[in-house]
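Next come the chains, spelled out residue by residue.
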Amino acid sequence: MTSISPVRSDRPARSQRRARTRAVSAVLGLGGVALVAAPRWTVAHLAPGRRAPANWLVRVLGARTVVQSAVLLATPTRAGLQAGAAVDALHAASMVPAWLVFPRYRQAAAVSGGIAVASALAQLAVAPQSDDAPHVPGDVD
């Protein structure tokens, strides 16, 4: 069966993009849950080093990630993913002064900043190209 719709680029269908967005959000959210539920264990496995940050701080960062991921799972929009990526980029940037000022926590700051950069890039990579993509009758989403 052929479609009369114009030929699109190699971009995936809207439903595939939303599924990828939700998958990235779910993985990031699970990481946040791990930080909230088991901060000491998670930090020990991600950044084994001399000192770990206080449990309350790790839990706060994990809770922020859980909330951000829940919002993106509920409404996987381009603007939402861009905002989430901006929040993660700000977090990564905040780890630079933390790395400089607190030598005992350098490894934890570097890992946290690196994860934030990876998170921002992943969100931007799966962000829908447009929230109001046209739907052409006959196309399958």
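Right above here is the structure, for reference.
Reading guide: rules and limits
Every chain begins its residue count from 1, and numbering advances along the sequence as written. A pLDDT threshold of at least 70 governs which residues receive local features in this predicted model, and a stricter bar of 80 or more applies before side-chain atom pairs are shown or counted, although totals over entire chains, interfaces and linings include all residues. Only hydrogens and water are set aside when side-chain values are computed; all heavy atoms of the structure are taken into account. Only DSSP runs of H or I covering at least 4 residues are called helices, and only runs of E covering at least 2 are called strands; the numbering of each starts at the N terminus. The classification of residues rests on relative accessible area computed with a 1.4 Å probe and restricted to protein chains. Under 20% of the type maximum is buried, over 50% is exposed, and intermediate values are partly exposed. Throughout, a contact is declared for two residues whenever any of their heavy atoms are within 4.5 Å. Method for areas: the Shrake-Rupley scheme with a 1.4 Å probe, in which residue coverage is limited to the protein chains shown. Counted as salt bridges are all cases of a side-chain nitrogen of Lys or Arg within 4 Å of a carboxyl oxygen of Asp or Glu. Only the six-membered ring of Trp is used, alongside the rings of Phe and Tyr, when aromatic pairs are assigned; centres must lie within 6.5 Å, and planes under 30 degrees apart are stacked while those over 60 apart are edge-to-face, with the rest tilted.

Q: Give a detailed account of the overall build of the chain, specifying residues and quantitative values.
A: A count of helices and strands for the chain gives 5 helices and 0 strands. Beginning at the N terminus, the succession of helices and strands in the chain can be written as α-α-α-α-α. Within the span of the chain, comprising 141 residues, buried residues form 31% of the whole. Once local pairs closer than 6 in sequence are excluded, the contacts in the chain between residues at least 24 apart make up 74%. Surface exposure of the chain reaches about 8600 Å², of which carbon and sulfur atoms provide 69%.

Q: Requested: an account of the pattern of salt bridges, with residues and values cited.
A: Applying the stated criterion across every chain, the model contains 1 salt bridge. A salt bridge links aspartate 88 to arginine 64, with the shortest nitrogen-to-oxygen separation between them at 2.9 Å. Taken together, the positions of aspartate 88 in helix H4 (residues 78-101) and arginine 64 in helix H3 (residues 55-74) put the pair 24 residues apart, joining distant regions of the chain. For aspartate 88, a relative accessible area of 4% gives the class buried. Relative accessible area serves as the criterion here: at 27%, arginine 64 is assigned to the partly exposed category.

Q: Can you lay out the packing of aromatic side chains for me, pointing to particular residues and giving the numbers?
A: Under the counting rule described, the total for this entry stands at 1 aromatic pair. Geometrically, the ring pair formed by phenylalanine 102 and tyrosine 105 is edge-to-face, given 6.4 Å between the ring centres and 65 degrees between the ring planes.

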